[in-house]
Amino acid sequence: MKNSEQRIIDGLNEEQREVVTAQRQNILVLAGAGTGKTRVLVSRIAYLVEHCGVDSNRILAVTFTNKAAREMRERLIGLLGEYSVRRLWAYTFHTASSHILRNFAEEAGLTRNFTIIDTSDQLALVKRVMQDLNLPADICVNGIRYNSRNYLQKIMDEKSRGHRPGMEGSSILPCFYDVYALYQTRCDKSDQVDFEELILRTCELIESNPQVRHYIRLKFQEILVDEFQDTSSLQYRWLKLVSGIENLDPGKHPANVLIVGDDDQSIYGWRGAAVENMFYFQKEFSPVKLVKLVQNYRSTKAILSNANSLIKNNSKHVAEKTLITRNPDATMVKLMESYDSSDEADEIAKIIRKLIDNLKKDPSEIAVLYRTNAQSRMIEKAMVEYGVDYNIYGGARFFDREEIKNTLAYLRLIVNPEDNISFNRIVNVPSRKIGKVTLGKIEALRREFGISMFKAAEMYALKNKSRSLQNFIELIHVFSARVAESPKNMDDIVRFLESVIEDSGLGTYYREKSAMDDADSSNDRFGNIEELISDISGRDYDELSDQGFDNAGEVLEDGKEISKSRNTDDNSVPENKKMKYTIADFIQIYLSSAALMPSSELLKSEEDSAVNLMTIHCSKGLEFEVVIIAGFEKGLLPLERYSSIKTDQNAHIEEERRLAYVAITRAKELLFLSCANWHSSYDGQYPTGPSPFTYELDSCSIDTDMNFLDA
Ligand code: ATP
Ligand code: MG
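## Let's talk about the pattern of salt bridges
Two side chains carrying opposite charge are able to pair once their charged atoms lie near each other. Under the criterion given, the structure shown has 44 salt bridges. Asp118 serves as the salt-bridge partner of Lys405, at 3.4 Å between the closest nitrogen and oxygen. You can see Lys405 sitting in helix 17 (residues 402–415) and its partner Asp118 sitting in the loop between strand 4 (115–117) and helix 7 (119–132), a full 287 residues away along the chain. Each member of the pair, Lys405 together with Asp118, is buried. Close ionic contact of Glu402 with Arg525 constitutes a salt bridge, the shortest N to O distance being 4.0 Å. Of this pair, Glu402 sits in helix 17 while Arg525 sits in helix 24 (residues 525–538), placing them 123 residues apart in sequence. Residue Glu402 is classed as partly exposed on the basis of its relative accessible area of 33%. In this structure Arg525 comes out as buried when scored by relative accessible area, which is 13%. Within the structure, one salt-bridge network assembled from shared partners comprises Lys159, Arg164, Asp188, Asp194, Glu197, Arg201 and Glu204.

## Section: the pairing of strand 12 (residues 366–370)
Counting buried positions along strand 12 gives five out of five residues, so the element sits mostly inside the fold. Burial along strand 12 is two-sided: the face carrying Ile366, Val368 and Tyr370 and the face carrying Ala367 and Leu369 are both buried. Here four bridges tie strand 12 to strand 15 (residues 624–629), and the two strands are oriented parallel to one another. When the sheet's bridge partners are listed, Ile366 is paired in strand 15 with Val626.

## Quick notes on the site of ligand 1
Taken together, 19 residues lie around ligand 1, and Gly11, Lys37, Gln265, Glu623 and Arg666 are the ones closest in. Interatomic distance of 2.8 Å between a side-chain N/O atom of Thr38 and an oxygen atom of ligand 1. Considered on its own, ligand 1 offers 640 Å² of accessible surface; in the complex 84% of this is hidden by protein. Here the shell around ligand 1 gets three residues from one element, more than from any other, and that element is helix 3 (residues 37–50). Of the residues that constitute the shell around ligand 1, the class distribution is three nonpolar, ten polar and six charged. Residue-level mapping places the shell around ligand 1 at the junction of two domains, with at least three residues from each of domain 1 (4–107 + 197–295) and domain 3 (301–397 + 602–710).

## Quick notes on the packing of aromatic side chains
This model, assessed by the stated rule, comprises 14 aromatic pairs. On the basis of an interplanar angle of 70° and a centroid distance of 5.9 Å, the ring pair of Phe423 and Phe472 is categorised as edge-to-face. In this pair, Phe423 is assigned in helix 18 (residues 420–426) and Phe472 in helix 21 (residues 467–483), connecting sequence segments 49 residues apart. Of the two residues examined, Phe423 and Phe472, each falls in the buried class. Positioned above the aromatic ring of Phe114, the side-chain terminus of Arg102 is 4.0 Å from the ring centre.

Rules used in this analysis
- Position numbers for residues count from 1 along each chain, tracking the sequence in the order it is written.
- Here every chain gets a letter starting at A, and every ligand a number starting at 1, in the order they are written.
- Per-residue local features are limited, in this predicted model, to residues with pLDDT of at least 70; the limit for side-chain atom pairs, both in listing and counting, is 80 or more; totals at the level of whole chains, interfaces and linings are taken over all residues.
- The side-chain figures draw on all heavy atoms in the structure; neither hydrogens nor water molecules are used.
- The term salt bridge refers to a pairing of a side-chain nitrogen on Lys or Arg with a carboxyl oxygen on Asp or Glu at a separation within 4 Å.
- Only DSSP runs of H or I covering at least 4 residues are called helices, and only runs of E covering at least 2 are called strands; the numbering of each starts at the N terminus.
- Burial classification: accessible surface area is computed with a 1.4 Å probe over protein chains only, and a residue below 20% of its type maximum counts as buried, one above 50% as exposed, and the rest as partly exposed.
- By the convention used here, strands pair only if DSSP detects at least 2 bridges between them.
- One heavy atom suffices: a residue is near a molecule or strand as soon as one of its heavy atoms comes within 4 Å of it.
- Under this definition, polar contacts are N or O atom pairs within 3.5 Å; protein pairs additionally need one hydrogen-donor-capable and one acceptor-capable atom, and for neighbouring residues in sequence, both atoms have to be side-chain atoms.
- For every accessible area listed, the method is Shrake-Rupley and the probe measures 1.4 Å; residues are considered covered only by the protein chains on display.
- Amino acids are sorted into nonpolar (Ala, Val, Leu, Ile, Met, Phe, Trp, Tyr, Cys and Pro), charged (Asp, Glu, Lys and Arg) and polar (every other residue, Gly among them).
- Residue ranges labeled as domains rest on an automatic or database domain assignment.
- Each pair of aromatic rings taken from Phe, Tyr and Trp, with Trp reduced to its six-membered ring, is defined by centres within 6.5 Å and is described as stacked if the planes are under 30 degrees apart, edge-to-face if over 60, and tilted in the remaining cases.
- We call a charge positioned above a ring when the Lys NZ or Arg CZ atom is no farther than 6 Å from the ring centre and deviates by at most 35 degrees from the ring normal.

Laid out in structure tokens, this is it:
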């Protein structure tokens, strides 16, 4: 025991050790960038399992991105071994919620096969709802124009406050209320859940269902949350319910909660994140052990003194903390100024070439960060010109490509024929010549009988001869029956997917399209579909066996009565015939993870040794030897807003300053701040210049000398 404990705390400083080896209790680690918060959180998990005997199955680690969750698992495997780590829940709030809801689908008013819809699906639904309510596409309310996108935003704002349509305390205007109410009814009917709904429904489920509450209380004994400063108020409510600090039943114990965060890195205020949650946590989870970490292990002195010097211009801090480092002084932070954005991109590419060729930097240790996605176009172009391989994060998502969306829509409709969005998407892909008039009649039946599009299509086909529609219905029926079977191995799933793609006609359709596309175009549509099949079949489906609640009964003595009733087939099916999971289960897991993969993350064909291009928002929690911030200039950082919705300008500048702070503190050794004097965009050029934040930096540790690159 002693040795393993030593292994876990080796190399940690005194304050870090204090957190890792603390008694089991609520803990708040409030600390600046690069002080080892994430490292401490991971070590704490290892300590709880190895030293305190906590079953890893009872630990929930909440990370900000799926990528962070994967990295956490990898680091833990080294300390704990594969078996323990498989059983651990390391997820984002959304993914954890989707697992909880799937485990308690019936209790949550869903089926196990519910689908998660993304923003484009939501928008399609809102548009349809507005049409059905005879609302114009563009409405003027109190002098402000609202289109379907604004409507969706309003609905999501309401949800993130925990408000249901018609709930007391809601400030939503009646015209939004109607759209929200119908939108929600349609989602519920089609067994569909949007992102915010995942969280809200989990909260409501725990609040209203004592049995689920009992189960959750047994399941999670230790909860750890990284990047807590960006938690929204709804996520905080979730944390209180899942940990049992709220709505605790008599005789039960809440989980211990460790949160780590840095208020100076709070950059999601615009999305409802509330730094105040840190204050609430101290009160509501009291007693809370508070630990501050001040030593930065990531960056050189020059980088850190610039970061400190910048952030002290913000008036609001939860705690004053000036970071110190023992790292060497090393190279100054470099300022670069170019004529226009295109020159700037060129300069950046040139510098990267020198870093790789002369300074022998590993390309994957170099990152170019920018404020807006639009900036990436010119940078990418320059990278290609200078022969620099790059991975871009946050560009067009693999899952947003047309051919992938259509293939997934087939799968969604097959596992959930109630899914109207998918029906509408693929009923005519490839073209079946099902005309507008026919679809209009199906839509009318759907409305009249309050049924799904698919059911309405069946009804229509009974009375009307439409060969192509009947074939389509038949196709979906055949596959819906097949997904209920249990696959013997992954090959069965591959065969299933291949037949969906071929029998639906998608295969031929996209093979032809690929052939028609430019010969050297990177847009190999059929190739993308093949990549999808290999992604589905190559994925790890741990959630099915190890991370669901199904096996929680095995470790929960007083949970037996629930687990028994939930797993009746486990007792009645003889061992040799026991086939637990159907093709639908596998597909469902895949579909949810695809839906939950935000655009900031997934990149197919990620190159191993390539420079990283991403927005500053995406770079949170990461570190690189070299960071180049592009567009450290007026108008971009802080970002000038043209929105008609006025919010506190000072608060906006402070959030942008925190964003600049996050960007700067990603760098370990070298930091370049680059600006142009003319900003080029699709609508022309305008004069700009260095960001006003430049004048808040530490002038003693900045220069413009680039000679070191020619060494
Ligand atoms: P951020 O605020 O950006 O999320 P963080 O506080 O989570 O940063 P980590 O990413 O955990 O910081 O750590 C930053 C770097 O410092 C990592 O490379 C980590 O391995 C290293 N580090 C942390 N603690 C120590 C230590 N005691 N000794 C040496 N290196 C350390
Ligand atoms: Mg971190």
